[in-house]
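# Analysis of the macromolecular model
One letter stands for each residue in the lines below.
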Amino acid sequence: MTKAHRDPTMTTFLSLWVYEEFWHGEAIAKVLELHGEPAGADRIAPMRRRVASPARLLRSSRRACPRAGDALTATQVTWGVVNEWTTQAGYARLAERAATPCSASS
């Protein structure tokens, strides 16, 4: 936990962001399934086996978070912005490859 959890604006933002990310994942899983690619747990489980264990990451973050303070929150939000930009670029490339018009209003 950092001081950010005490900020109602930050807590609201992060809560809505994680909600959106969940539904992005669900939508991407449907697209993958429609194209005969592994999706959901069948896709995620092998990836998780290749990275550090969640328990080890949790132990590390419990030690690091209190010491990192505001810098950690800034890093997390910056990472989120980069993630959003990368996702937007990926969607644009997907639309280009699919030769499907893409509109911000749809």
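What counts and what doesn't
Residues numbered from 1 in each chain as written. Predicted model: local features only at pLDDT ≥ 70, side-chain atom pairs only at ≥ 80, totals over all residues. Heavy atoms only, no water. Phe/Tyr/Trp six-rings, centres within 6.5 Å; stacked < 30°, edge-to-face > 60°. Helix = DSSP H or I, 4+ residues; strand = E, 2+ residues; numbered from the N terminus. Buried < 20%, exposed > 50% of the residue type's maximum accessible area, 1.4 Å probe, protein only. Patch = residues over 30% accessible without salt bridge, like charges linked within 9 Å, V, L, I, M, F, W, Y side chains within 5 Å. Areas by Shrake-Rupley, 256 points an atom, 1.4 Å probe, with all protein chains shown as cover. Salt bridge = Lys/Arg side-chain N within 4 Å of Asp/Glu carboxyl O. pLDDT = per-residue confidence, 0-100. Expected span 1.5 Å × (residues − 1).

Turning our eyes to something else, we now look at the packing of aromatic side chains. For the coordinates displayed, the defined rule picks out three aromatic pairs. Relative to Trp17, the ring of Phe13 has its centre 5.7 Å away and its plane inclined at 25°; by these criteria the two rings are stacked. Taken together, the positions of Phe13 and Trp17, both in helix H1 (residues 8–34) and four residues apart, correspond to about one turn of that helix. Relative accessible area serves as the criterion here: at 41%, Phe13 is assigned to the partly exposed category. Within the aromatic cluster, the residues linked to one another by ring pairs are Tyr19, Phe22 and Trp23.

Let's shift gears to a nonpolar patch on the surface. On the surface, Val18, Tyr19, Phe22 and Trp23 cluster together to form a nonpolar patch covering roughly 470 Å² of accessible area. Structurally, the position occupied by Phe22 is in helix H1. On the basis of relative accessibility, which here comes to 46%, the residue Phe22 falls in the partly exposed class.

This paragraph deals with the confidence of the model for the protein chain. Per-residue confidence for the protein chain gives a mean pLDDT of 78, with 75% of residues at or over 70. Confidence, expressed as mean pLDDT per element, reaches its minimum in the protein chain at helix H3 (residues 54–68) with 64 and its maximum at H1 with 87.

Here helix H4 (residues 70–98) spans 42 Å end to end across 29 residues, near enough to the 42 Å set by a 1.5 Å rise per residue. All buried positions along H4 are accounted for by Leu72, Thr73, Gly80 and Ala95. Ala99 lies just past H4 and shows a positive phi near 55°.

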